[in-house]
Amino acid sequence: MAGTGLAEAVRQAKGIEWKRLEFLEAIVYNVGPYFLLLLVWEGVRVFLQPDPRFVPDVREVIGELIYILKNGILVDYLSRSLLRIALAAGVAIPIGILIGFGIGLNEAIANTLLPLIRFFNSIPAIAWLPLFIIWLGFKDQTIILDASYGLFFPVVFNTIVGVQTVPRVFRDAVRTLGGSWWHVVTDVILPGSLPAVLIGIRTGFAYAWRGLIAAEMIVAANGLGYLIFKAQSMILADRIIAGMILIGLTWSFLDYFLLQPLEEGTIRRWGLVQR
Amino acid sequence: MEMGSQICVRNVTHFYTNRYTRETVLALKDVSFEVDQGEFVCIIGPSGCGKSTLLYLIAGLMKPTMGEIRVDDRPVTGPGPDRGMVFQEFAILPWRTVWRNISHGLEIQGVPREKRDEIVRRYIQLIGLEGFENKYPYELSGGMKQRVALARTLACNPKVVLMDEPFAALDVQTRITLRNELLKLSLQLSNTILFVTHSVDEAALLGDRVIVMTKRPGQVKEIVQNPIPRRERNERTLEDPAFIRYRNHLFQSVRAEVQTAEYEELVQRS
């Protein structure tokens, strides 16, 4: 009887009641912060009573979101911005990781490239924009290049740290198993540097978005940056805020559906990071 | 070169330079010894006497400043699968499961899948890790991790197994368990084992011979033969009078070196 009591307790602990509680918790944690944000926003509106043209109310912004969804702007602009950011990521991440590996593993490469990378890292992507426009014109390539520029540096710097913090004994272990330099790179350095590389990609994406939005404001006639920029000339505060919400939500979705599953399947599964 | 000796260390002197202080340290001074095929030899000595350095040199992970190291009558020029190594920090890869860690060396050497699986299964059984095949290292205890590391090394069937203080990071009870297991296991193995430790008990019980090293710069102080053959050694051997004498001799020998080192450090500081 005592045995079944214990089994029952274990079953309950793992059981449906617990699952339901977890689900509720997940909703509270995922929606709660945004709810708080809305409260502050409405609080400002109700108590400080600013000009409604400058600080629109939540319903107006939602109305604007529905409006641009209905007239097709939202889907069109969002998909263009997403495509650009994807192309920027496709360029900057592999190059960033490759150069990070080179610098992290080879002193000669480090001595050659690191000073240059530090130099260019201090120049913001927006400062490059005029030059990129002169070189490439008012084209998508200009926007993609500008977004890649911001993404590249955090990936490089974090990859370097990732490569250099992989415990040396792992390399020694693989070498004593008969592994070549290439085995060390693929079996040790690559997975071992992943936590840092992922931080680089996360941080880098924030810069990529900045570059993208800034470039779209100036270069493009579409995309989320253009949406916001254009709204300013028409004093459409609700559309500006709607655009900001779209940018934030888009990134949250990308993080949730791309980066987080990647982390779950790798560095969390391996116990390299703990909750 | 003597026939039959598998590891031959001849007049090895090794310096290393500290990267930050730029100080050059003499780690090993004119070290020579030989280890026969199938022998289990332990190396003990005070901290910093270069005993781990010696293993790294034999593994080929470092090159000696002077002198020569030969394994199977061939000079060591770099690491190779004929000299497996078990590290104090376990060094099994966190991103590989128990199974994939043990099969790693075989994968590197291109052993075909079926043969590989067969070997891995055998070693998982040998070290008693059935049921843990798909666990990742962070889910294992220290003792289990070191078992996996040992299995990974043995799976490649290296001629020489180099063990660098393999039980130093474990708690005392686990340490004793693994020590006894290794002793038993070694009777089934034909590999030559070179085992570095701080523990006199470990060295006395495991080694067919024990090399005692001096304080830094490490030199061979003496090489002592175990009075009890490996086959007859077990936990009760610890109470055997002949063994106790042998163990005490080793203890005094190392202790003297430790005390000299401590004294010299005091003098240097004052």
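Cut-offs used in this document
Residues numbered from 1 in each chain as written. Chains lettered and ligands numbered in written order. Predicted model: local features only at pLDDT ≥ 70, side-chain atom pairs only at ≥ 80, totals over all residues. Helix = DSSP H or I, 4+ residues; strand = E, 2+ residues; numbered from the N terminus. Rg over C-alpha atoms; globule rule 2.2 N^0.38 Å. Buried ≥ 20, exposed ≤ 12 C-beta atoms within 10 Å, placed from the backbone. Contact = placed C-beta atoms within 7 Å. Domains from an automatic or database assignment. Nonpolar A, V, L, I, M, F, W, Y, C, P; charged D, E, K, R; others polar. Pairing = 2+ DSSP bridges. pLDDT = per-residue confidence, 0-100. Axes fitted to C-alpha atoms, helices over the stretch in contact; angles between N-to-C directions. Parallel < 35°, antiparallel > 145°, perpendicular 65-115°, else oblique. Left-handed = near helix turned anticlockwise from the far one by under 90°.

Colleague: How do you make sense of the overall build of chain A when you look at a structure like this?
Modeller: Looking only at helices and strands, chain A features 12 helices and 0 strands. For 275 residues, the compact-globule estimate of 2.2 N^0.38 gives 19 Å, and the C-alpha radius of gyration of chain A, at 24 Å, exceeds that figure by more than 25%. Taking the principal axes of the C-alpha coordinates as reference, chain A spans close to 75 × 70 × 35 Å. Across the 275 residues in chain A, those meeting the buried criterion constitute 35%.

Colleague: Please clarify how the overall build of chain B should be interpreted in this entry.
Modeller: The helix and strand tally for chain B stands at 8 helices and 10 strands. Over its C-alpha atoms chain B spans a radius of gyration of 19 Å, differing by no more than 12% from the 18 Å that the globule rule assigns to 270 residues. Across its three principal directions, the C-alpha atoms of chain B cover 60 × 45 × 40 Å. Within the span of chain B, comprising 270 residues, buried residues form 42% of the whole. Here the contacts in chain B between residues at least 6 apart in sequence split such that 71% fall between residues at least 24 apart.

Colleague: Looking at this structure, I do not really get the domain arrangement of chain A. What am I missing?
Modeller: Interface size is often expressed as the accessible area that is lost when the parts come together. Taken as a whole, chain A is organised into domain 1 (2-45) and domain 2 (67-268). A C-alpha centroid distance of 34 Å is found between domain 1 of chain A and domain 2 of chain A.

Colleague: I would appreciate a short explanation of the interface of chain B and chain A in the present structure.
Modeller: Between chain B and chain A, the residue contacts involve 21 residues of the former and 17 residues of the latter. Every element with two or more residues in the side of chain B that touches chain A is listed here: β6 (83-86) and α3 (104-108) of chain B. Considered class by class, the residues forming the side of chain B that touches chain A number 14 nonpolar, 5 polar and 2 charged.

Colleague: What is the right way to read the environment of Leu-212 of chain A from this model?
Modeller: All names here are of chain A. Relative to the helices and strands, Leu-212 is located in helix α10 (residues 194-219). Judged by local crowding, Leu-212 falls into the buried class, with 29 C-beta atoms found within 10 Å. Leu-212 sits 55 residues away from Ile-267 along the chain, and the two C-alpha atoms are 29 Å apart. If we ignore the near neighbours within four places in the chain, the residues touching Leu-212 are Ser-81, Arg-84, Ile-85, Ala-88, Ile-143, Ala-147 and Gly-225.

Colleague: When you look at the pairing of strand β2 (residues 24-36) of chain B in this model, what are you seeing that I'm missing?
Modeller: If a strand is regular, its side chains alternate between the two faces of the sheet. All names here are of chain B. Judged from the 9 bridges that link them, strand β1 (residues 5-17) and β2 form a sheet pairing that is antiparallel. Its bridge partner lying in β2, Val-9 is registered against Phe-33. Between the end of β1 and the start of β2, which pair antiparallel, lie 6 residues, with Arg-22 showing a positive phi angle near 60°.

Colleague: Where do I start with the confidence of the model for chain A in this structure?
Modeller: For residues with low pLDDT, the predicted coordinates do not support detailed interpretation. When pLDDT is averaged along chain A, the result is 88; 92% of the residues meet or exceed 70. For chain A, the element scoring lowest by mean pLDDT is helix α1 (residues 2-14) of chain A, at 63; helix α8 (residues 168-176) of chain A scores highest, at 96.

Colleague: Where do I start with the sheet that holds strand β4 (residues 66-71) of chain B in this structure?
Modeller: Hydrogen bonds between backbone groups are what pair the strands of a sheet, and the pairing can be parallel or antiparallel. All names here are of chain B. Pairing within the open sheet is antiparallel, and its 4 strands lie in the order β2-β1-β4-β5. At either end of the open sheet lies a strand with only one pairing partner, and these are β2 and β5 (74-75). Here 2 bridges tie β4 to β5, and the two strands are oriented antiparallel to one another. Looking across to β5, one finds that Val-71 is bridged to Arg-74.

Colleague: Would you explain the sheet that holds β6 of chain B in this entry?
Modeller: Residue and element names in this part refer to chain B. Within the open sheet, the 6 strands sit side by side as β6-β7-β8-β3-β9-β10. Their pairing is mixed. Only two strands of the sheet have a single neighbouring strand rather than two, namely β6 and β10 (220-225). For this sheet the average axis-to-axis angle between neighbouring strands, irrespective of direction, equals 15°. Helix α5 (residues 142-155) rests against β6 and β7 (160-164) of the sheet, and its axis sits at about 180° to β6.

Colleague: Help me understand the packing of helix α4 (residues 113-126) of chain B against α5 of chain B, please; the structure alone is not making it clear to me.
Modeller: When two helices pack together, their arrangement is captured by the angle between the axes and the distance separating the axes. Residue and element names in this part refer to chain B. Where α4 meets α5, the axes come as close as 10 Å, and the angle between the chain directions of the two elements is 140°. It follows from the interaxial angle that α4 and α5 lie oblique. Read as a crossing pair, α4 and α5 show a hand that is right-handed. Listed contacts from α5 to Ile-119, Val-120, Tyr-123, Ile-124 and Leu-126 of α4 are Ala-151, Leu-154 and Ala-155. Looking at the contact of α4 with α5, its residues break down into 8 nonpolar, no polar and no charged.

Colleague: Is there a simple way to explain the environment of Asp-82 of chain B in this structure?
Modeller: Residues and elements named next belong to chain B. Considering the arrangement of structural elements, one finds Asp-82 in the loop between β5 and β6. With 18 C-beta atoms counted inside 10 Å, the residue Asp-82 sits in the partly exposed group. Separated by 15 residues in the primary sequence, Asp-82 and Gly-67 place their C-alpha atoms 21 Å from one another.

Colleague: What is the right way to look at unusual backbone geometry in this model?
Modeller: Peptide bonds are trans in most cases, and residues, glycine excluded, mostly fall at negative phi. Residues and elements named next belong to chain B. Note the cis peptide between Arg-216 and Pro-217, where omega equals -5°. By the secondary structure assignment, Pro-217 is in the loop between β9 (209-213) and β10. The backbone phi angle of Phe-90 is positive, close to 70°, even though this residue is not glycine. Assignment of secondary structure puts Phe-90 in the loop between β6 and α2 (98-102). Not every positive phi belongs to a glycine, and Asn-157 is a case in point at roughly 45°. Mapped onto the fold, Asn-157 is located in the loop between α5 and β7.

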